[in-house]
Amino acid sequence: MKIKICADSTCDLSVELIQKYNVGIMPLHVALGNDDRLDGVTIQPQDIYDYYAKCKKLPRSGARSAEEYKEFFEGFLNEGYDAVVHYDISADMSGSFDNATVAASQLKNVYVVDSRNLSTGTGLLVLDGCDMALQGMSAEKIAERSYKRASAVKASFIIDKLEFLYKGGRCSSLAYLGANLLQINPVIEVTDGRMGIAAKPMGRYLRCIEKYAGWVRENCTSPDKTRCFVTHTKMDGGLTEKVMQTVKSWGIFDEVLETTAGCTVTTHCGSNTIGILFINDAQSKLS
């Protein structure tokens, strides 16, 4: 069976990984004022920084419609694929999953997976789906396993400054002021499909990143060793390399992949945001 694995653009897979695994990408809408663009196609993260610097406003993201998803899926079926398995950002964060599900219900052999995640938390499930497809698993079995594994994904990020969270209405003025005064760099973790504060390291940002990496290592209790992501927005020099070296020094993962976060994470978190993401269920990619 010829199966197409695809995802929305919030999965934050690099161009190299998209090409290597032949992943189909559905870009979400990102609006700069009245200027509607497509994530990763007609807008890049740098455009968000430039827009914010100019007018102190953040873009608005939007899901693709059910009609757009239907056309997207039909394209693969018309190309000769027997089935499609599609991964979306958590249904608690966007209407993408609901719209994709409506589209899939009008077609045969299209399966939509709620990743219960964002960024490369979703990307981990996407690449696992690609591994399964290469081994000849059915689309139904791939979707079923992905649903089971979604809760085991460990997706977290540490944020340097809360300005974007505050401007986007995701952080109160009191919390914003307090974090600045106390030099708090919050750790955001995705749990059951939603983002929340997992830790609040204090002090110089480099030291907070080191604390964050230690926290991740402590929570890396039963990892799938296949791969891990270090995903980040625009970073100050050397910070990404330090995190990559740290994760590799653990000697846990067969592959540590670096990716740049796309427009969704950039809009939420701003620059100097970095995360370590992996699946924590001790399963090999084929078990």
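Keep in mind the model is a prediction, meaning the values are calculated, not measured. (Residues numbered from 1 in each chain as written. Predicted model: local features only at pLDDT ≥ 70, side-chain atom pairs only at ≥ 80, totals over all residues. Heavy atoms only, no water.)

> Teacher, can you tell me more about the sheet that holds strand β3 (residues 29–32) here?
Backbone hydrogen bonds hold the strands of a sheet together, and the pairing may be parallel or antiparallel. Within the open sheet, the three strands sit side by side as β4-β3-β5. Their pairing is antiparallel. The open sheet is flanked by β4 (35–38) and β5 (60–62), the only strands paired with a single partner. The average angle at which neighbouring strand axes cross in this sheet is 30 degrees, direction not considered. The pairing of β3 with β4 spans four bridges and is classified as antiparallel. (Pairing = 2+ DSSP bridges. Helix = DSSP H or I, 4+ residues; strand = E, 2+ residues; numbered from the N terminus. Axes fitted to C-alpha atoms, helices over the stretch in contact; angles between N-to-C directions.)

> When you look at the pairing of strand β10 (residues 187–191) in this model, what are you seeing that I'm missing?
Successive residues of a regular strand alternate their side chains across the two faces of the sheet. For β10, the tally of buried residues reaches four of five residues, placing the bulk of the element in the interior. Of the pairings in the sheet, the one linking strand β9 (residues 156–158) to β10 comprises three bridges and is antiparallel in character. Looking across to β10, one finds that Phe-157 is bridged to Ile-188. With antiparallel pairing between neighbouring strands as the criterion, β10 and strand β11 (residues 194–199) make up a hairpin whose turn holds two residues, including Asp-192 at a positive phi of roughly 50 degrees. (Buried < 20%, exposed > 50% of the residue type's maximum accessible area, 1.4 Å probe, protein only.)

> Sorry, what's going on with the nonpolar core here?
In globular proteins that are soluble, nonpolar side chains generally tend to be buried together. One finds Ile-3, Ile-5, Leu-13, Val-85, Tyr-87, Ile-142 and Phe-229 to be the most contacted residues of the largest nonpolar core, which totals 39 residues. If you list the elements that add at least two residues to this core, you get β1 (3–8), α1 (15–21), β6 (83–88), α5 (120–134), α6 (139–150), β10, α11 (263–269) and β14 (274–279). Ranked by residues supplied to this core, first place goes to α5 with seven residues. Not counting chain neighbours up to four residues away, the residues in contact with Leu-13 comprise Ile-18, Val-23, Gly-123, Val-126, Leu-127 and Phe-229. (Core = buried A, V, L, I, M, F, W, Y, C linked by side-chain atoms within 4.5 Å. Contact = heavy atoms within 4.5 Å.)

> Honestly, α5 in this entry has me stumped. Any pointers?
At 3.6 residues per turn, the α-helix brings residues three or four places apart onto the same side. Taking 1.5 Å per residue as the helical rise, α5 with its 15 residues ought to reach 21 Å, and the 20 Å between its terminal C-alpha atoms agrees with that figure. Just beyond α5, the residue with positive phi is Gly-136, at close to 90 degrees. (Expected span 1.5 Å × (residues − 1).)

> Can you help me understand the side chain of Ser-9 in this one?
Mapped onto the elements of the fold, Ser-9 is located in the loop between β1 and α1. Side-chain polar atoms of Ser-9 contact the side chain of Asp-39, separated by 2.8 Å. Beyond its immediate chain neighbours, meaning those up to four positions away, Ser-9 contacts Ile-25, Met-26, Pro-27, Leu-28 and Asp-39. (Polar contact = N/O pair within 3.5 Å; in protein donor to acceptor, adjacent residues only side chain to side chain.)

> I tried to follow the packing of helix α3 (residues 66–78) against helix α4 (residues 96–104) on my own but got confused; where do I start?
Packed helix pairs are characterised by how far apart their axes lie and by the angle those axes make with each other. Look at α3 against α4: their axes get within 8 Å of each other, and the N-to-C directions meet at 55 degrees. The orientation of α3 relative to α4 falls into the category oblique. Like other packed secondary-structure pairs, α3 and α4 cross with a definite hand, here right-handed. Contact residues: α3 offers Ala-66, Tyr-69, Lys-70 and Phe-73, while α4 offers Ser-96, Asn-99, Ala-100, Val-102, Ala-103 and Ala-104. Across the contact of α3 with α4, the residue classes tally to seven nonpolar, two polar and one charged. (Parallel < 35°, antiparallel > 145°, perpendicular 65-115°, else oblique. Left-handed = near helix turned anticlockwise from the far one by under 90°. Nonpolar A, V, L, I, M, F, W, Y, C, P; charged D, E, K, R; others polar.)

> How should the packing of aromatic side chains be read in this particular structure?
Given two aromatic rings, one states the distance between the centres and the angle between the planes to describe the pair. Counted under the stated rule, the structure contains six aromatic pairs. Their ring planes at 75 degrees and their centres at 4.9 Å tell us that Phe-72 and Phe-76 sit as a pair that is edge-to-face. Remark: Phe-76 and Phe-72 occur in helix α3; sequence separation between them is four residues, near one turn of the helix. Accessibility assignment for this pair places Phe-72 and Phe-76 in one class, buried. Between Tyr-212 and Trp-215, the ring centres sit 6.2 Å apart and the planes meet at 25 degrees, which makes this aromatic pair stacked. (Phe/Tyr/Trp six-rings, centres within 6.5 Å; stacked < 30°, edge-to-face > 60°.)

> Got a minute to help me understand α4 in this structure?
Along α4, the residues classified as buried are Ser-96, Phe-97, Ala-100, Ala-103 and Ala-104. The buried residues of α4 occupy an angular sector of 125 degrees when the element is viewed end-on, so they sit on one face. Buried residues along α4 sit against β1, α3, β6, β7 (110–114) and α6. (Arc of directions from axis to C-beta.)

> Could you clarify how one ought to interpret the sheet that holds β7 in this entry?
Strand order across the open sheet formed by four strands is β2-β1-β6-β7, with parallel pairing between neighbours. In this open sheet, the two edge strands, each paired with only one partner strand, are β2 (24–26) and β7. Geometrically, the sheet is characterised by an average inter-axis angle of 25 degrees between neighbouring strands, direction not taken into account. As defined by bridge partners, β6 adjoins β7 across five bridges and the pair is classed as parallel. Counted as the bridge partner of Val-84 is Val-110 from β7. Along the sheet, α3 makes contact with β1, β2, β6 and β7, crossing β6 at roughly 140 degrees.

> Is there a simple way to think about unusual backbone geometry in this case?
Glycine aside, residues mostly have negative phi angles, and peptide bonds mostly take the trans form. A positive phi is found at Asn-22, a non-glycine position, where the angle reads about 55 degrees. Within the secondary structure layout, Asn-22 lies in the loop between α1 and β2. The phi angle at Lys-56 is positive, at roughly 55 degrees, despite the residue not being glycine. Inspection of the secondary structure assignment puts Lys-56 in the loop between α2 (45–55) and β5. On the basis of relative accessible area, Lys-56 is assigned to the partly exposed category, the value being 47%.

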